[in-house]
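Inside the fold
So the chains spell out like this:
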Amino acid sequence: MGLFGHRRTVFTDCDILVIGGGMAGCGATYESRYWGRDLKIVCVEKANIERSGAVAQGLYAINCYMGMQWGENRPEDHVRYARNDLMGLVREDLGYDIARHVDSTVHKFEEWGLPIMRDPATGRYQREGKWQIMIHGESYKPIVAEAARKAATEVCNRIMVTHLLMDATKPNRAAGAVGFNVRTGHFHVFRAKAVIVCAGGASHIFKPRAVGEGMGRTWYAPWSSASAYALPILAGAKMTQMENRIVLTRFKDGYGPVGAYFLHLKTYTQNAYGEEYESKWFDKLREQIGEYVDHHPVPTCLRNHAFLEEVKAGRGPIRMVTTEAFQDPHKETVGWENFLGMTIGQAVVWASQNIDPKHINPELTTSEPYVMGSHATCSGAWASGPADCAPSEYQWGYNRMMTVDGLFGAGDTIGGSAHKFSSGSFTEGRIAGKAAVNYVNDLGREQPQVSEAELADLKKAIYRPMENYAIGRNEIVAGTVSPSYLLPLHGLQRLEKIMDEYVGGIGAHYTTNAPMLTRGLELLAMLKEDLDHIGAEDLHQLQRAWELEHRVLASEAVTQHTMFRTETRWPGYYYRADHPKLDDTDWHCFTLSRYDRHSGQWQMEKAPVYHIVD
Ligand SMILES: Cc1cc2nc3c(=O)[nH]c(=O)nc-3n(C[C@H](O)[C@H](O)[C@H](O)COP(=O)(O)OP(=O)(O)OC[C@H]3O[C@@H](n4cnc5c(N)ncnc54)[C@H](O)[C@@H]3O)c2cc1C
């Protein structure tokens, strides 16, 4: 059993295990209790649900609210909006399902104490844009977490989940998960009848713009470490649209949000010479992607595309014109409060760089790519849809169940359904929670069967990085360079470099092609081999080691999917230079992958896109 075999093992048996207590996980926990009054519901989280996940530091807007009580929007309108933004490819059944329930989620948030701004003239929620409402959201996450805490039988904070458990008697059924406590080091085994993965998206798989001491300054939360993808991938679940990484246009260096600026403050962008630049790129783009360029609103990726082309043409930097709006004291207050409520770092960056947006138009930049399922992008697991509106090909049992029995997901975890944001992720968690309760009830007395041998193997594998370190630490060549192990940070930087250079990161102007992807896959395979030799000097580094494992596997999925889709569907997110055009004849479809953890092989296939809304 090795040096660390003595670690204590803690068993927890439950009906429903929720992995990750962010927005989706809190929703799943809350709703599971509503439908499963007598069930044992456990939420396991690597941080503390009070302030964990992408909403940790608060938000200033809820980006998905229909406003059906005032006749503002219909769920069908949201489906059309998301479909347009994703260049035609979304799981309309999943999106519709969220849109029809999301308002009730937001009403709950308000009931629980979230201050939502109101329009003094109408008494309705203050709109930032067609889908967004404004909140005083510094405490958004603690408010939502309280509801989950009250609903859960137990919340297990500080436990990093590393693997899912499969049922020993049924090959395609989830039976729980394992991980370790990042403070005590105990090995935790959760045996569960149903598992709901809600472990957020993935940052730091592509090299970030801010490196060295500033490497934590990414747009997406640095602790979003791709577990949402790696856990299902390892369990053999099918994934979809993993090539659909997202690139964000944000304020430079702090990645402060631009939504409130564009929508509420009515600021706009211009090039270094004070000119409007966006529209002039669209004629040329029409040759590559056809009529999509004329859609309204302009899809997010295409706006990025115009930005990137203008900068490449030497007319950067692109700036946000704030100097006009900030003359209005109300707008100036909103502009600053927007950062104080969700990205305080941007205010600090401006202060440190002598940028007063009342007098200077601040620079924008495009971020490194991220993988997510809840924003203007839809990577994630392939899930069964709602019984009443999903086409039969998208239904194999329970809503939001993946292609593995008993394995559910929500939020960033689930693919194909973009534009959920915080409220939609919580809502999808609720949907998955309700379905998981049905699944558990249908199972009756059947208990998950977990093999002792599998547990022993996993325990050994999980602590191996600490063993590697303990054995090899005296063989240091210089500084932190060792001939016998690789530190998690070194592995991360190697991953980011591979993804950046070969799979379409910032260093390659978001561009790749088949030969580059092929080489990227070769280098990823070598990195995977070296992961057996990661060294972790303490529990904190052990967590970093497993986050790296998860990021590498998700990166492999991204690369395989990017290779498979031989077109450029989302210019501005990435470009296949060898297939520069959008190709609706062959690629108006979803890409699906399945990983075989025994052979290390990926199987790729296409799935049809059904338009259920006209
Ligand atoms: C910078 C930024 C700005 C945003 N702005 C807005 C906005 O203005 N309005 C809006 O509505 N939405 C916004 N969003 C989107 C919103 O935050 C996400 O859609 C939402 O948080 C996704 O929910 P989730 O539960 O999937 O992921 P998260 O909320 O990130 O939760 C994932 C949870 O899983 C935990 N976890 C991860 N791995 C493991 C593991 N291995 N073991 C145990 N636990 C694990 C994490 O610690 C975390 O608690 C923004 C997101 C970002 C990053």
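Look up: the structure comes first, before these words.
The structure presented is a predicted model; accordingly, all values stated were derived computationally and were not measured.

1. Points about unusual backbone geometry
Put simply, His296 and Pro297 share a cis peptide bond, and its omega is -5°. Within the element layout of this structure, Pro297 appears in the loop between helix H7 (282–289) and helix H8 (300–312). Residues Gly316 and Pro317 are joined by a peptide bond in cis, for which omega reads 0°. Within the secondary structure, Pro317 is located in the loop between H8 and strand S12 (319–321). Within the chain, Arg158 stands out as a residue other than glycine whose phi angle is a positive 65°.

2. Thoughts on helix H12 (residues 452–472)
Here H12 spans 30 Å end to end across 21 residues, near enough to the 30 Å set by a 1.5 Å rise per residue. At Arg464, H12 shows its maximal kink, close to 50°; a proline, Pro465, follows between one and four residues later. Its side-chain oxygen at 3.3 Å from the backbone nitrogen of Ala453, Ser451 defines the N-terminal cap of H12.

3. A word on a nonpolar patch on the surface
A contiguous nonpolar patch, built from Leu340, Ile344 and Val348 and spanning about 270 Å² of accessible area, is present on the exposed surface. Locating Val348 in the fold gives a position in helix H10 (residues 344–352).

4. Focus: the site of the ligand
What surrounds the ligand is a group of 31 residues, the closest being Glu45, Ser52, Tyr220, Ser374 and Ser422. Ser52 places a polar side-chain atom, nitrogen or oxygen, 2.8 Å from an oxygen atom of the ligand. The separation between an oxygen atom of the ligand and a polar main-chain atom of Ala54 is 2.9 Å. Calculation on the ligand without its partners gives an accessible area of 990 Å², and the protein chains cover 96% of this total. Of all elements in the fold, only helix H1 (23–35), strand S3 (59–62), strand S6 (159–166) and helix H11 (421–443) reach the threshold of two or more residues within the shell around the ligand. Taken together, the residues that form the shell around the ligand break down as 16 nonpolar, 12 polar and three charged.

5. Regarding the nonpolar core
Counting residues in each nonpolar core, the largest one holds 102 residues, and the members touching the most others are Ile16, Tyr140, Ile196 and Phe408. Among the elements that line this core, the one with the most residues is H11, at eight residues. Contact partners of Ile16, with chain neighbours within four places excluded, come to Ser32, Leu39, Lys40, Ile41, Val42, Ala194, Ile196, Gly433, Ala436, Val437 and Val440. Among the nonpolar cores identified, the runner-up in size contains 60 residues, and Ala202, Leu492, Leu521 and Leu524 belong to it.

6. Comments concerning the pattern of salt bridges
In total, this model carries 42 salt bridges according to the counting rule given. Notably, a salt bridge pairs Glu428 with Lys420, separated by 2.6 Å at the nearest N-O pair. Like Glu428, the residue Lys420 is buried in the burial classification. Here the salt bridges do not stand alone but share partners, grouping Asp97, Arg100, Asp388, Arg400, Lys420 and Glu428 into one network.

Rules of the game
Residues numbered from 1 in each chain as written. Predicted model: local features only at pLDDT ≥ 70, side-chain atom pairs only at ≥ 80, totals over all residues. Heavy atoms only, no water. Helix = DSSP H or I, 4+ residues; strand = E, 2+ residues; numbered from the N terminus. Expected span 1.5 Å × (residues − 1). Bend = angle between axes of the 7 residues up to and from the residue. Polar contact = N/O pair within 3.5 Å; in protein donor to acceptor, adjacent residues only side chain to side chain. Patch = residues over 30% accessible without salt bridge, like charges linked within 9 Å, V, L, I, M, F, W, Y side chains within 5 Å. Areas by Shrake-Rupley, 256 points an atom, 1.4 Å probe, with all protein chains shown as cover. Salt bridge = Lys/Arg side-chain N within 4 Å of Asp/Glu carboxyl O. Near = heavy atom within 4 Å. Nonpolar A, V, L, I, M, F, W, Y, C, P; charged D, E, K, R; others polar. Core = buried A, V, L, I, M, F, W, Y, C linked by side-chain atoms within 4.5 Å. Buried < 20%, exposed > 50% of the residue type's maximum accessible area, 1.4 Å probe, protein only. Contact = heavy atoms within 4.5 Å.

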